[in-house]
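# Remarks on the overall topology
So the chains spell out like this:
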Amino acid sequence: MFVAPCCRRPPAQTDRYLECVDCGRQYVIEDGIFKFNVVDSTHGEFSKEEMREILTRIDKVGWREALRTEVQQRNPRVVRLITDPRRALSVAPITAAPGGRVLDFGCGYGGISMVLAGSFHEVVALDESLERLSVLMHIKHQEGLDNITLVCHHDASHLPFPNDHFDAVVLVGVLEYLPVSIPLASIEVAHDSCLLEFRRVLKPGGRIWVLTKNRFGWQFLQGQPDHSQIRFAPVLPRRLTDLISRARGRGPYRIINYTFGGYRRLFASNGFIDVRLYWPIAGYQTPDHIVPLDAQAMHRVGHLGSYGFGQPKLALLGTLDRLGLLPWVVPAYGVLAHKP
Ligand SMILES: [Zn+2]
């Protein structure tokens, strides 16, 4: 099921490692995790010491109890990302056609992978953080989720999978970070090479589902900082934000979101067809609704009330919708696209 990411050839495999038949590079298999990463990366939710304590606790009392107590105290967001039942809705457009093989790229602790495991025959859960994958591995064993394969890897422009391999690819809150893991390429080249690579590993007719933020989302238009911690950062010209970011010692500005038109262009120009945008309300990690943005405007306005918006906001959203602007300013998008 793998190719060596270095030379894109099927590797020789033993119990303990995969070996590239061309260049001889070895990739270790440890604790059931296929490790293609050269560097171990962590995202700093927990220190190594904390993570050891959490894993010990999961072993001792089971993952649900460990999350409810140990992890909840330290970082409730992580618990929500793993256990919130609304996570299922965030991938509803992709689980609507179940069966086959799916790649959860940037799976984190595997909250989405677990949802997908209920709908797909095989789930490849991939993340750059070995520690997050270790948590998912414990959950997998305790839940008997044998259809999840765990892969540690970071470079989306060199995936360790053969051509035409997946029925679906899912990226939840990941697309904007891809240029960070390919520091030598421009942002445009980085995003293009990653999308072409996702297209390569998809079967013809396969679909990709991406949940991400809107560069012109109303939160950013109102000055809410993005990952760069700079107010209005996404809304300003990128070169300017890049200069500000460097001047403040935060390095180049490479965590990038696109606009309503920008996402459609990004996917279409990299060979995807039937690109459709959705609006996850309220927020893409744990949404209550996933609303197609190509629906008839009046139909959408008619439903806004039931999405929990108050009267003043409803009036504003209705006006924006009548002007055809609503799809451009919603905070986040789901992008569904197909490989021809
Ligand atoms: Zn090689």
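Each remark here, short or long, concerns the structure printed above.
All values derive from a computational prediction rather than experimental measurement. (Residues numbered from 1 in each chain as written. Predicted model: local features only at pLDDT ≥ 70, side-chain atom pairs only at ≥ 80, totals over all residues. Heavy atoms only, no water.)

Of regular secondary structure, the protein possesses 14 helices and 12 strands. Against the globule reference of 20 Å for 340 residues, the protein gives a C-alpha radius of gyration of 20 Å, in line with a compact fold. Its C-alpha atoms give the protein principal-axis dimensions of roughly 60 × 45 × 45 Å. Per-residue burial for the protein yields a buried fraction of 54% across its 340 residues. Considering only contacts within the protein whose residues lie at least 6 apart along the sequence, 64% involve residues at least 24 apart. Distance from the positive charge centre (39 side chains) to the negative charge centre (34 side chains) of the protein: 7 Å. (Helix = DSSP H or I, 4+ residues; strand = E, 2+ residues; numbered from the N terminus. Rg over C-alpha atoms; globule rule 2.2 N^0.38 Å. Buried < 20%, exposed > 50% of the residue type's maximum accessible area, 1.4 Å probe, protein only. Contact = heavy atoms within 4.5 Å. Lys, Arg positive; Asp, Glu negative; His and termini not counted. Charge placed at Lys NZ, Arg CZ, Asp CG, Glu CD.)

For the rest of this paragraph, the subject is the coordination of the zinc ion. Within the first shell, the zinc ion binds the protein through Cys6 (SG), Cys7 (SG), Cys20 (SG) and Cys23 (SG), at distances of 2.2 to 2.3 Å. In this structure, the zinc ion is surrounded by 4 donor atoms whose angles at the metal cover 103 to 119°, and the resulting shape is tetrahedral. In terms of primary sequence, the donors binding the zinc ion are separated according to C-C-x12-C-x2-C. Residue Cys7 is located in the segment before β1 (12–13), and its partner Cys23 is located in the loop between β2 (17–19) and β3 (26–30); the two are separated by 16 residues in the primary sequence. Judged by its relative accessible area of 29%, Cys7 falls in the partly exposed class. (Donors = N, O, S within 2.8 Å, 3.2 Å for Na, K, Ca; no water. Tetrahedral: all angles 85-135°; square planar, octahedral: opposite > 155°, others 65-115°.)

Before going further, it helps to examine the environment of Val61. Looking at the secondary structure, you find Val61 in helix α1 (residues 48–61). Among the residues examined, Val61 registers a relative accessible area of 34% and is labelled partly exposed. C-alpha of Val61 to C-alpha of Ala247: the two residues are 186 residues apart in sequence and 48 Å apart in space.

For helix α7 (residues 130–143), built from 14 residues, the straight-helix expectation of 20 Å at 1.5 Å per residue is met to within 8% by its first-to-last C-alpha distance of 20 Å. The buried count for α7 comes to 11 of 14 residues, which makes it a mostly enclosed element. Among the residues of α7, Leu130, Glu131, Arg132, Leu133, Ser134, Val135, Leu136, Met137, His138, Ile139 and Lys140 are the ones counted as buried. Once α7 finishes, Gly144 follows within two positions and takes phi at roughly 65°, a positive value. (Expected span 1.5 Å × (residues − 1).)

The grouping of Leu323, Leu325 and Trp328 at the surface amounts to a nonpolar patch, some 290 Å² of accessible area in total. By the element assignment, Trp328 lies in helix α14 (residues 326–329). Its relative accessible area of 32% is what places Trp328 among the partly exposed residues. (Patch = residues over 30% accessible without salt bridge, like charges linked within 9 Å, V, L, I, M, F, W, Y side chains within 5 Å. Areas by Shrake-Rupley, 256 points an atom, 1.4 Å probe, with all protein chains shown as cover. Salt bridge = Lys/Arg side-chain N within 4 Å of Asp/Glu carboxyl O.)

Let us now look at the packing of aromatic side chains. Aromatic ring pairs are described here by two measures, namely the spacing of the ring centres and the angle between the planes. Counted according to the given criterion, the structure contains 14 aromatic pairs. Taken together, the aromatic side chains of Phe2, Tyr27, Phe34, Phe36, Phe161 and Phe166 make up a single cluster linked through ring pairs. Taking the ring centre of Tyr258 as reference, the NZ or CZ of Arg238 above it sits at 5.0 Å. (Phe/Tyr/Trp six-rings, centres within 6.5 Å; stacked < 30°, edge-to-face > 60°. Lys NZ or Arg CZ within 6 Å of the ring centre and 35° of its normal.)

Moving on to the packing of α1 against helix α2 (residues 63–74). Orientation of α1 relative to α2, taken along the N-to-C sense of each, is 150°, at an axis distance of 7 Å. Between α1 and α2, the interaxial angle falls into the category roughly antiparallel. α2 is crossed by α1, and the crossing has right-handed handedness. Within the contact between the two elements, α1 uses Glu50, Glu53, Ile54, Arg57, Ile58 and Val61 and α2 uses Trp63, Glu65, Ala66, Thr69, Glu70, Val71 and Arg74. (Axes fitted to C-alpha atoms, helices over the stretch in contact; angles between N-to-C directions. Parallel < 35°, antiparallel > 145°, perpendicular 65-115°, else oblique. Left-handed = near helix turned anticlockwise from the far one by under 90°.)

In a packed pair of helices, the relevant descriptors are the angle between the two axes and the axis-to-axis distance. Where α1 contacts α7, the axes come no closer than 11 Å and their chain directions differ by 0°. Put simply, α1 runs roughly parallel to α7. Note on element contacts: α7 touches α1 through Glu131, Arg132, Ser134, Val135, His138 and Gln142, opposite Lys48, Met51, Leu55, Ile58 and Asp59. Looking at the contact of α1 with α7 residue by residue, the class counts come to 4 nonpolar, 3 polar and 4 charged. (Nonpolar A, V, L, I, M, F, W, Y, C, P; charged D, E, K, R; others polar.)

Let us look at the side chain of Ser228. Topologically, Ser228 is positioned in the loop between α9 (218–221) and α10 (238–247). Polar contacts involving the side chain of Ser228 include one to the side chain of Asp226, which spans 2.5 Å. For Ser228, the contacting residues outside a window of four places in its chain are Ala233, Arg250 and Tyr253. (Polar contact = N/O pair within 3.5 Å; in protein donor to acceptor, adjacent residues only side chain to side chain.)

Keep in mind that most residues, glycine aside, have a negative phi and that most peptide bonds are trans. Ala282 follows Ile281 through a cis peptide bond whose omega is -10°. Relative to the helices and strands, Ala282 is located in the loop between β10 (273–281) and β11 (289–292). Of note, Asp164 is a non-glycine position whose phi angle comes to about 50°, a positive value. Along the chain, Asp164 falls in the loop between β7 (148–152) and β8 (166–172).

This next bit is on the sheet that holds β11. Strand order across the open sheet formed by 12 strands is β1-β2-β3-β4-β7-β6-β5-β8-β9-β12-β10-β11, with mixed pairing between neighbours. This sheet does not close on itself; its edge strands, each paired only once, are β1 and β11. The sheet strands contacting helix α11 (residues 260–269) are β9 (202–213), β10 and β12 (332–338), and the helix crosses β10 at an angle near 145°. (Pairing = 2+ DSSP bridges.)

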